[in-house]
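# Per-entry structural report
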Amino acid sequence: MKRLLVLGGGFLQTYVIRKAKKLGYYVLVLDADPKAKGFQYADESAVINIVDEDACLNYAREKQIDGVLTAATDFSVLAMSRIATELGLPGINYAAARCIKNKAAVRRCLFDAHADDTGYSFEIASAEDALDVLPQVHFPIMVKPCDGSGSRGASRVDCPECFLDACAYAMAGSVTHRAVAEPFVMGQEYGVESFVENGEIHILAVMQKEMTDPPYYAELGHAIPSGLSDAMEEKVKSCVEKALVALNVNHGSVNMDLLIGEHGDVHIVDIGARMGGNLIGSHIIPIGTGIDYMGNMIKAAVGDVTDWTLENIPRPVATKLLALTPGEVKSLPDFRSICKDYNVQIEHHLKVGDRISSYKTNLDGCGYVVATRDSVSDALEVTARVRTLIDDGIQNSEVHVVKSVAIHVQ
């Protein structure tokens, strides 16, 4: 029985952990939270901060693992890569992982490789840096943490007077206290999920996305098919492939967000060297493409044979993040009736007394609705309807944070 180390034991990682167990692997899980949900599914677990490369590496050595991966979080990408590199296991090379963790470095690399249609960007590590680059900035501009995820710390800046505050906000959301300022692009946002194995690039899907209004730009949902023309989707895939080559990605999952402008210009706005979050790997890709994405990701991590052919017939699929009305949960909706009426399954941690925060980043979401239908428009419609039913079924007051909820179709 091969031993797989999963870095991160949060709600979104539980799908990977359970899948690996189902495939017959011995699963070890690390997380800084002693109450991490994933621990209950693991064969072994330890309370270790997944950003602590040395501690994670020492644990991996001690347990003589056969593979390592992370999913749905950027925080453990470097620890994952270092473990794989030093123990001679399948994994993204450390130089590529470090580059991808730095959004400013990524933007420079893509600019030099002509991977997409975006202009140059600026890296900012202090208020002095922000003042130095301000004369070169053309507004509007996008400012975000160099190493952030989930739209945290990102904002659009329309005038010079707001630039310093936006940089401070982005640096505060960065582990390394650095920000990147890049051209603001007007366009529709899409997601792309890819996997690289032995130098072969598998672009699994282009996904349409729904986003919040400015200034936060947080995800509200995904859908497959993308709705793009065949020619436009091919251009997107070409840009993604150029980016993966330019960044020297040799192995593993890569999640990208990009914008398409009104003239068909493509702009890669974010890259994560891990499986996408928000149920992309566990639900959206397998339903929308028919490919056993997580199964292949897990097998590749331990050096087992993968199979990227269709396992099931692809179906239109859409998700909706549960961005709910802020406040304290006073009562819960009848989830059983919703399951019956809309043919959905509801998995949730909501209970009376939990608190819901105003939705500004993905971390403020209370979960997901995932629907499969005969058309993507029908799937989008039912996810919106079910989300509203759940929101209307919760009586609340006061603003705070709630635990995760997931809803998906049977």
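All of the points below concern the structure found in this document. Values in this document were obtained by computation on a predicted structure and should not be read as measured data.

## Comments concerning the sheet that holds strand β1 (residues 3-7)
Spatially, β3-β2-β1-β4 is the arrangement adopted by the four strands of the open sheet, whose pairing is parallel. Both outer strands of the open sheet, β3 (44-47) and β4 (67-70), are each paired with one neighbouring strand and no more. Averaged over all pairs of adjacent strands, the angle between strand axes in this sheet comes to 20°, irrespective of strand direction. Pairing analysis gives four bridges linking strand β2 (residues 26-31) to β3, with the strands arranged parallel. Bridge assignment links D31 to a residue of β3, and that residue is V47. Helix α1 (residues 14-22) contacts β1, β2 and β4 of the sheet and is inclined by roughly 165° relative to β2.

## Examining the pattern of salt bridges
In total, this model carries 26 salt bridges according to the counting rule given. In this structure, K21 engages D43 in a salt bridge whose closest nitrogen and oxygen atoms are separated by 2.5 Å. Of the two residues, K21 sits in helix α1 while D43 sits in the loop between β2 and β3, which places them 22 residues apart along the sequence. Of the residues examined, K21 reaches a relative accessible area of 33% and is grouped as partly exposed. Accessibility expressed as a relative area gives 29% for D43, which makes it partly exposed. Its salt-bridge partner being K209, residue E219 comes within 2.6 Å of it at the nearest N-O pair. Taken together, the residues span a long stretch of sequence, with E219 in strand β11 (residues 219-224) and K209 in strand β10 (residues 200-211) at a distance of ten residues. Here E219 matches K209 in class, with each residue buried.

## Considering the nonpolar core
Residues L5, L7 and V236 are the most contacted members of the largest nonpolar core, which totals 95 residues. Not counting the four nearest positions on each side in its chain, L7 is found in contact with Q13, L30, I50, C56, V68, L69, T70, S76, A79, M80 and I83. Among the nonpolar cores identified, the runner-up in size contains 21 residues, and L322, V344, V382 and I390 belong to it.

## A word on the packing of helix α2 (residues 53-63) against helix α3 (residues 77-87)
Orientation of α2 relative to α3, taken along the N-to-C sense of each, is 45°, at an axis distance of 9 Å. For the element pair α2 / α3, the angle class is oblique. Taken as a pair, α2 and α3 cross one another with a handedness that is right-handed. Every residue of α3 that contacts α2 at E53, D54, C56, L57, A60 and R61 is listed here: L78, A79, R82, I83, E86 and L87. For the contact of α2 with α3, the residue count by class is seven nonpolar, no polar and five charged.

## Thoughts on the environment of L69
Here L69 lies in strand β4. Along the primary structure L69 and A84 are separated by 15 residues, whereas in three dimensions their C-alpha atoms are 8.8 Å apart. Each residue touching L69, except ones within four places of it in the same chain, is listed here: L4, L5, V6, L7, V16, M80, M297, I298 and A301.

## Some words on the side chain of D391
Mapping D391 onto the fold places it in helix α12 (residues 376-392). Taking relative accessible area as the criterion, D391 reaches 12% and is therefore assigned buried. Excluding its chain neighbours within four sequence positions, the residues that come into contact with D391 are L324 and T325.

Cut-offs and rules
Each chain carries its own residue numbering, running from 1 in the written order of its sequence. Given that this is a predicted model, residues contribute local features only at a pLDDT of at least 70 and side-chain atom pairs are listed and counted only at 80 or more, while totals for whole chains, interfaces and linings are drawn from all residues. Side-chain metrics in this entry use all non-hydrogen atoms of the structure; hydrogen atoms and water are not considered. Two strands are counted as paired when DSSP detects at least two bridges linking them. Counting from the N terminus, the helices are DSSP H or I runs at least four residues long and the strands are E runs at least two residues long. To define axes, lines are fitted to C-alpha atoms, for helices over the stretch in contact only, and angles between the resulting N-to-C directions are given on a 0 to 180 degree scale. The contact definition used throughout considers only heavy atoms, calling two residues in contact when any of these lie within 4.5 Å. The term salt bridge refers to a pairing of a side-chain nitrogen on Lys or Arg with a carboxyl oxygen on Asp or Glu at a separation within 4 Å. With a 1.4 Å probe rolled over the protein chains alone, any residue whose accessible area is under 20% of its type maximum counts as buried; one over 50% counts as exposed, and the rest are partly exposed. Note on terminology: a nonpolar core comprises buried Ala, Val, Leu, Ile, Met, Phe, Trp, Tyr and Cys residues joined through side-chain atoms within 4.5 Å. Roughly parallel means an angle under 35 degrees; roughly antiparallel, over 145; roughly perpendicular, 65 to 115; everything else is oblique. Crossing handedness is defined as follows: a turn of the near helix away from the far one that is anticlockwise and smaller than a right angle gives a left-handed crossing, while the clockwise case is right-handed. Each residue is assigned to one of three groups, with Ala, Val, Leu, Ile, Met, Phe, Trp, Tyr, Cys and Pro labelled nonpolar, Asp, Glu, Lys and Arg labelled charged, and all others, Gly among them, labelled polar.

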